[in-house]
Amino acid sequence: ARRSFGGGRDTPADADHMPQTYGGMIAFIVNGDGDDDTALRRAKTVCEGLSVVNLAVSLGGVESLVEHPASMTHAMIPREDRLAGGLPDGLVRISVGLERASDLVQDLKGSLDRCDDDVAGAAGGGGGDHEERVYAAAAE
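> Can you explain the overall build of the chain? Please cite residues and give values.
Within the chain, the regular secondary structure consists of five helices and five strands. The helix and strand sequence of the chain, counted from the amino end, reads α-β-α-β-β-α-β-α-α-β. Looking at the chain residue by residue over its 140 residues, the buried ones come to 40%. The contacts of the chain with a sequence gap of at least 6 include a subset with a gap of at least 24, amounting to 62%.

> How would you explain the pattern of salt bridges if you had to name every residue and give the values?
Proximity of charged atoms lets side chains of opposite charge pair with each other. For the structure on display, the rule yields four salt bridges. A salt bridge links glutamate 67 to arginine 93, with the shortest nitrogen-to-oxygen separation between them at 3.8 Å. With glutamate 67 in strand β3 (residues 65–67) and arginine 93 in strand β4 (residues 91–96), this pair connects stretches of sequence that are 26 residues apart. In this structure arginine 93 comes out as partly exposed when scored by relative accessible area, which is 24%. Its salt-bridge partner being arginine 82, residue aspartate 89 comes within 2.9 Å of it at the nearest N-O pair. A residue is classified by how much of its surface remains accessible, and aspartate 89, at 4% relative accessible area, is buried. The exposure class of arginine 82 is buried, given its relative accessible area of 8%. Residues joined in a network through salt bridges with shared partners are Arg79, Arg82 and Asp89.

> Explain the pairing of β4 to me, using residue names and the numbers behind them.
Burial analysis of β4 places five of its six residues in the buried class, which makes it a mostly covered element. When strand β1 (residues 24–30) meets β4, the two strands line up antiparallel, connected through six bridges. Its bridge partner lying in β4, alanine 27 is registered against arginine 93. Two elements, β3 and β4, share three bridges in a ladder whose sense is antiparallel.

> An account of the side chain of serine 111 is requested, with residue identities and associated values reported.
Relative to the elements of secondary structure, serine 111 occurs in helix α4 (residues 101–123). Using a relative accessible area of 0% as the deciding quantity, one classes serine 111 as buried.

> Can you break down the nonpolar core residue by residue, with the values?
Counting 15 residues, the largest nonpolar core has Phe28, Val46, Val66, Val92, Ile94 and Leu108 as its most contacted members. Counting residues per element, this core draws most heavily on α4, which supplies four residues. Beyond its immediate sequence surroundings of up to four residues, valine 46 is in contact with Phe28, Val30, Leu108, Ser111, Leu112 and Cys115.

> Quick one: what's the story with the environment of cysteine 47, residue by residue and with numbers?
Of note, cysteine 47 is situated in helix α2 (residues 36–48). In this structure cysteine 47 comes out as buried when scored by relative accessible area, which is 3%. Through-space distance from the C-alpha of cysteine 47 to that of arginine 93 is 9.1 Å; in sequence the pair is 46 residues apart. Among residues more than four places away in sequence, those in contact with cysteine 47 are Leu55, Val66, Glu67, His68, Val92 and Ser111.

> For the confidence of the model for the chain, give the residues involved together with the corresponding values.
Confidence in the prediction for the chain averages 74 pLDDT; 66% of positions are at 70 or higher. Confidence drops under a pLDDT of 50 for residues 1–8, and excluding neighbours within four residues, the segment shows 12 contacts in the predicted structure. Below a pLDDT of 50 lies the segment residues 123–140, which in the model reaches 38 contacts outside its immediate sequence neighbourhood of four places, other chains included.

Rules used in this analysis
- Residues numbered from 1 in each chain as written.
- Predicted model: local features only at pLDDT ≥ 70, side-chain atom pairs only at ≥ 80, totals over all residues.
- Heavy atoms only, no water.
- Helix = DSSP H or I, 4+ residues; strand = E, 2+ residues; numbered from the N terminus.
- Buried < 20%, exposed > 50% of the residue type's maximum accessible area, 1.4 Å probe, protein only.
- Contact = heavy atoms within 4.5 Å.
- Salt bridge = Lys/Arg side-chain N within 4 Å of Asp/Glu carboxyl O.
- Pairing = 2+ DSSP bridges.
- Core = buried A, V, L, I, M, F, W, Y, C linked by side-chain atoms within 4.5 Å.
- pLDDT = per-residue confidence, 0-100.

Below, the structure is given as structure tokens:
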């Protein structure tokens, strides 16, 4: 038997409008709206709300993995030192694996939606657009 991975594309037609290579790293920062604890809580909520992407400290593997440095790998560093070093509370890192791109997008969108719902419930306000919640995105 032979198994091949389509690079995350769901159908051959997807290659025309959704080119994808195998794997990669992405990172984004979840906004805290000026509140120190909000960014930390939102980023943790995003990471814990994923179902296709697995929570992990190490980001090496063929499966998609997510990490929240402020509460995981860098939790022992005082917040002021983390911020001074360029590591914001809302930073989320994802190692993109071999899953279908549409599954990963759906998983991340669902988790961001739940993050908005969680914050809206905690603050008594609305969720808003993801562009307001995630203010930086970068490929590593």
